[in-house]
Amino acid sequence: MESYLNENFEVKPKHSSEEALQKWRKLCGVVKNPKRRFRFTANISKRQEAAVVRRMQQEKLRIAVLVSKAALQFIQGIAEHEYIVPEEVATAGFEICASELESIVGSRNVKRLKIHGGVEGIAKKVRSSTENGLTVTNGLENRETIYGSNKIPDGETSSFWRFAWEALQDLTLIIDAICAFISLVVGIATEGWDNRAHDALVIVASISLVVFVTAANDYWQSVKFRNWEIEKKKTLVRVTRDGFRQKLLSYELLPGDVVHLTTGDQVPADGIFVSGFPVSIDESSVTEDSKPIKVDTENPFLLSGSKVLEGSCKMMVTTVGMRTSWGKFVAADDKGGYDETPFQVKLNGLVEIIGKIGKYLALVTFSVLMKGLLTHKLQEETIWRWSGYDALEMFKYFTISFTIFGITVPEGLPLALTLNLAFSTNNMVKDNALFRHMAACETLGTATNICTDKTGIITSNQMSVLKLCFCMNVKDLSRHNNASSLCSEIPDTALRLLVQSIFVNKDSEVVNKDGKLEIWGTPTETALLEFGLSLGGNFQEQGGKLKLVKVEHFESAKKKMQVVAELPDRGFRAYCKGAPEIVLALCDKVINSNGNVVPLDEVFIAYLKSAINQFAGEGLRSLCLAYTELEDGFCTSDPIPSSGYTCIAILGIKDSIRPGIKDSVAACHAAGITVRMVTGDSIDTAKAIARECGILTEDGLAIEGADFREKNLEELLELIPKIQVIAQSSPLDKHSLVKHLQTTFNEVVAVTGAGADDALSLNEADIGLATRIHGTELSIIL
């Protein structure tokens, strides 16, 4: 039977063709109530309709973009018609309506935006500020009335009586009711009303009981699904309101809010670029254009649903809710439902097989009973004389046969599985695991390999600076009462340079909230800023007020971040931080024990490398800081220098092992699941962490990403089963490992990831676990 199911219902854990998903449905001739069985799986007809609408919307948007770009070349001399503010908008105190804002961003009309005064003019017309954002005292309810909220309405909620009506359409109940009615009529005709009245009442009571129990069960489950959908939509965004930064749920955004976006974020609403550095945007989910789009002051429009691939900026929200590009597509695709899981497909195939057996048994039973009746009438020579009693007997035979057919077909088995999966996902939500697709809950139980990150998964993702190699001396910060005690041992000029390099070359923010400093950023950035503050540094004075001329954000491929800052009195200076092997290759000078800048000779290089190896052996992550003076000036079109840097310091950052991770790894091994760690850290650090948590065993192999990439297919076939750690890896290394495990070794692979760099692997894996909120508090299982 298993081979039959595999041959006829071959469905992959992910990316199955629609033809494969529909195949078993065409064969389900014994489905008694399709509305119930398919309620929590894909609605194929509505999905096809939604796909057509979505393509039309995307085509319209793409055409609008192309036409607007071409038309702008011809209409520069044509006067734009004057915009008239609707009366209700003017009465509410605003100077632009929601439709006009939607039109500007949706069509990417730069000229129209300039007519309204650019982003500053739009901010003024919606009573906001590009610096301070919305003011709560201005009345947010009035704003929501005019512009709407950023909520995507849920689908229509079915009432209990709707479920009861669907339950009544069950083919079994219909046939049972018809049979009961015929039996009742024949019985009354032959035995009288007094003797058959109780049968009618029993039949009505039985059907009512089945209908109400079925409807109650389905209604309860629909409520659970609705709660799950609501939980899934909760996303936090960083905004500026009333002049200070805060975090809001995405559906609380209103036009005029200033949203802060960074690499990996999803744009929560349509908006306009305010300030920051040019960002690279992936709009494939909205326009189906896979080519990244650069958004800056020249092309300032951001569409909801798109993702930030690189860079950071501030965006002013202009359009929210169903008026946004994403809202329109969601409205078209909201009825699509979920794909059938492989187990569901196989179960329905099994139901078909059992149904055919049931039909055969019912037919044989009816034939045998009818043969007995005909034989008896032949013996009595009454074959041509039929009475009401004979008709009643034949009807009883039919009822018996239909009962056999009805009880052999487990029509509710696929639905029972779906309900069980939904119940399981609901329980996992309580453990802060949120499922984007219900099939992941099923597929997760069949995983044979887990490719996991280190930071935030194996480790707690709460980092702190424990070691410091500065002025050619290694300092153990854990032995000092506080980091500020080091100040007396470090020259003042070198100390100021160290603190400034931390505060200037950053991808995070220090926010003064209610008189307390709060750091917003990645755990690594947070650890650096906390260390800089503990040294007595003043963020505003030593970094916050410096003007950044150019920024190249951290990328896994480059393993470094560079910025160019304009100094108050001495021109420009470039700062660089990143992996020591990358940054040290850019350096030709170093700060010695006296705080002076000296050439970086072989002695100093050997000392720095020994410090790096020492940090790695203790399971610390190393980070190198460097700078260079730009004596010839700098403009934004110039590339950031890639040589001539001075090494400032090397920091050893500790990220402790998460409590219970050893037991979890041991449990995976006991269940036959292979755990592999793929990290960007050095090979020594990765080995130390992997051994500590039990991932790297004596017969296991640890390899660097560069070596992994150089292997040919034959070598990979031999190495991959032994690989337990890949260090200094790139996103493509992780993606390649997952692909080989799936295709070559036929493994079911689960992948963990926390950032945009992991998007390829998360989407390719059979189960993608994307960690959010500090990498630990919430997992959205793809």
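Only a predicted model underlies this, so the values are computations on that prediction, with no experimental measurement involved.

What counts and what doesn't
Residues numbered from 1 in each chain as written. Predicted model: local features only at pLDDT ≥ 70, side-chain atom pairs only at ≥ 80, totals over all residues. Heavy atoms only, no water. Axes fitted to C-alpha atoms, helices over the stretch in contact; angles between N-to-C directions. Helix = DSSP H or I, 4+ residues; strand = E, 2+ residues; numbered from the N terminus. Parallel < 35°, antiparallel > 145°, perpendicular 65-115°, else oblique. Left-handed = near helix turned anticlockwise from the far one by under 90°. Contact = heavy atoms within 4.5 Å. Nonpolar A, V, L, I, M, F, W, Y, C, P; charged D, E, K, R; others polar. Buried < 20%, exposed > 50% of the residue type's maximum accessible area, 1.4 Å probe, protein only. Polar contact = N/O pair within 3.5 Å; in protein donor to acceptor, adjacent residues only side chain to side chain. Pairing = 2+ DSSP bridges. Core = buried A, V, L, I, M, F, W, Y, C linked by side-chain atoms within 4.5 Å. Salt bridge = Lys/Arg side-chain N within 4 Å of Asp/Glu carboxyl O. Patch = residues over 30% accessible without salt bridge, like charges linked within 9 Å, V, L, I, M, F, W, Y side chains within 5 Å. Areas by Shrake-Rupley, 256 points an atom, 1.4 Å probe, with all protein chains shown as cover. pLDDT = per-residue confidence, 0-100. Expected span 1.5 Å × (residues − 1).

Undergrad: Could you give an account of the packing of helix 24 (residues 602-617) against helix 26 (residues 683-693), naming the residues involved and the relevant values?
TA: Between helix 24 and helix 26, the shortest axis-to-axis distance is 7 Å and the interhelical angle comes to 20°. The orientation of helix 24 relative to helix 26 falls into the category roughly parallel. The hand of the helix 24/helix 26 crossing is right-handed. Of the residues in helix 26, those in contact with Asn613, Ala616 and Gly617 of helix 24 are Asp684, Thr685 and Ala688. Among the residues forming the contact of helix 24 with helix 26, the class breakdown is two nonpolar, three polar and one charged.

Undergrad: Outline the environment of Asp681, supporting the account with residue identities and numerical values.
TA: For Asp681, the location among the structural elements is in the loop between strand 23 (674-678) and helix 26. A relative accessible area of 6% means that Asp681 is categorised as buried. Sequence-wise, Asp681 and Glu704 are 23 residues apart; in three dimensions their C-alpha atoms are separated by 9.6 Å. Polar side-chain contacts of Asp681 include one of 2.9 Å to the side chain of Lys454.

Undergrad: Quick one: what's the story with the sheet that holds strand 6 (residues 293-295), residue by residue and with numbers?
TA: Strand order across the open sheet formed by three strands is 6-5-8, with antiparallel pairing between neighbours. Pairing within the sheet leaves two strands with one partner each, and these edge strands are strand 6 and strand 8 (307-310). Strand-to-strand twist across the sheet, computed as the mean angle between neighbouring axes with direction ignored, equals 45°. The pairing of strand 5 (residues 279-282) with strand 8 spans three bridges and is classified as antiparallel. Its bridge partner being in strand 8, Ser280 is matched across the sheet by Glu310.

Undergrad: Just give me the short version of the sheet that holds strand 3 (residues 258-261), but keep the residues and values in it.
TA: Read across the open sheet, the six strands follow the order 2-1-3-9-4-7; overall the sheet is antiparallel. Either end of the sheet is taken by a strand with one partner, and the two such strands are strand 2 (244-249) and strand 7 (301-302). Relative to the sheet, helix 6 (residues 98-106) contacts strand 4 (270-276), strand 7 and strand 9 (313-319), its axis offset from that of strand 9 by approximately 130°.

Undergrad: Could you give an account of the nonpolar core, with specific residues and numbers?
TA: Grouped together as the largest cluster of nonpolar side chains are 38 residues, with contacts concentrated most on Phe470, Leu498, Ile502, Phe531, Ile648 and Leu651. Put simply, the parts of the chain that give this core at least two residues each are strand 12 (459-470), helix 20 (492-504), helix 21 (523-534), strand 17 (560-566), strand 21 (621-630) and strand 22 (645-657). In terms of residue count, helix 20 provides more of this core than any other element does, eight residues in total. Residues in contact with Leu651, not counting those within four places in the same chain, are Val465, Lys467, Leu468, Leu528, Phe531, Phe615, Arg621, Ser622, Leu623 and Leu625. Counting 27 residues, the second-largest nonpolar core is a separate cluster that includes Cys576, Val598, Cys624 and Leu630.

Undergrad: So what's going on with the pattern of salt bridges? Which residues, and what values?
TA: Tallying each qualifying case throughout the model produces 14 salt bridges. We note a salt bridge from Glu100 to Arg112, for which the minimum N-O separation is 2.7 Å. One end of the pair, Glu100, is in helix 6; the other, Arg112, is in helix 7 (residues 110-115), and twelve residues separate them in sequence. For Glu100, a relative accessible area of 10% gives the class buried. The class for Arg112 is buried, based on a relative accessible area of 5%. Taken together, the salt bridges that share partners define one network made up of Lys454, Arg621 and Asp681.

Undergrad: Requested: an account of a nonpolar patch on the surface, with residues and values cited.
TA: Side chains of Ile357, Tyr360, Leu361, Val364 and Val368 sit close together on the surface and give an oily, nonpolar patch of about 470 Å² of accessible area. Locating Ile357 in the fold gives a position in helix 15 (residues 342-379). Judged by its relative accessible area of 46%, Ile357 is partly exposed.

Undergrad: Explain the confidence of the model for the protein chain residue by residue, including any values.
TA: Residues at a pLDDT of 70 or more form 70% of the protein chain, whose mean pLDDT is 77. Segment residues 75-80: pLDDT under 50, and six contacts once partners within four positions in sequence are set aside and those in other chains are kept. Scored below 50 in pLDDT, residues 773-782 makes 44 contacts in the model with residues more than four places away or belonging to other chains.

Undergrad: Can you lay out the side chain of Thr646 for me, pointing to particular residues and giving the numbers?
TA: Along the chain, the position of Thr646 falls in strand 22. Judged by its relative accessible area of 3%, Thr646 falls in the buried class.

Undergrad: Before we move on, can you summarise unusual backbone geometry with the specific residues and values?
TA: Of note, the phi angle at Met472 is positive, near 60°, even though the residue is not glycine. Following the sequence through the fold, Met472 ends up in the loop between strand 12 and strand 13 (473-476). Of note in the backbone geometry, Gln728 takes a positive phi value of approximately 50° without being a glycine. Position of Gln728 among the secondary structure elements: in the loop between strand 25 (723-727) and helix 29 (731-743). Exposure remark for Gln728: the relative accessible area of 18% places this residue in the buried category.

Undergrad: Quick rundown of helix 29? Include the residues and the values.
TA: With 13 residues, helix 29 ought to run about 18 Å at 1.5 Å a step, and its terminal C-alpha atoms sit 18 Å apart, in line with that. Residues Pro731, Asp733, Lys734, Leu737, Val738, His740, Leu741 and Gln742 constitute the buried set of helix 29.

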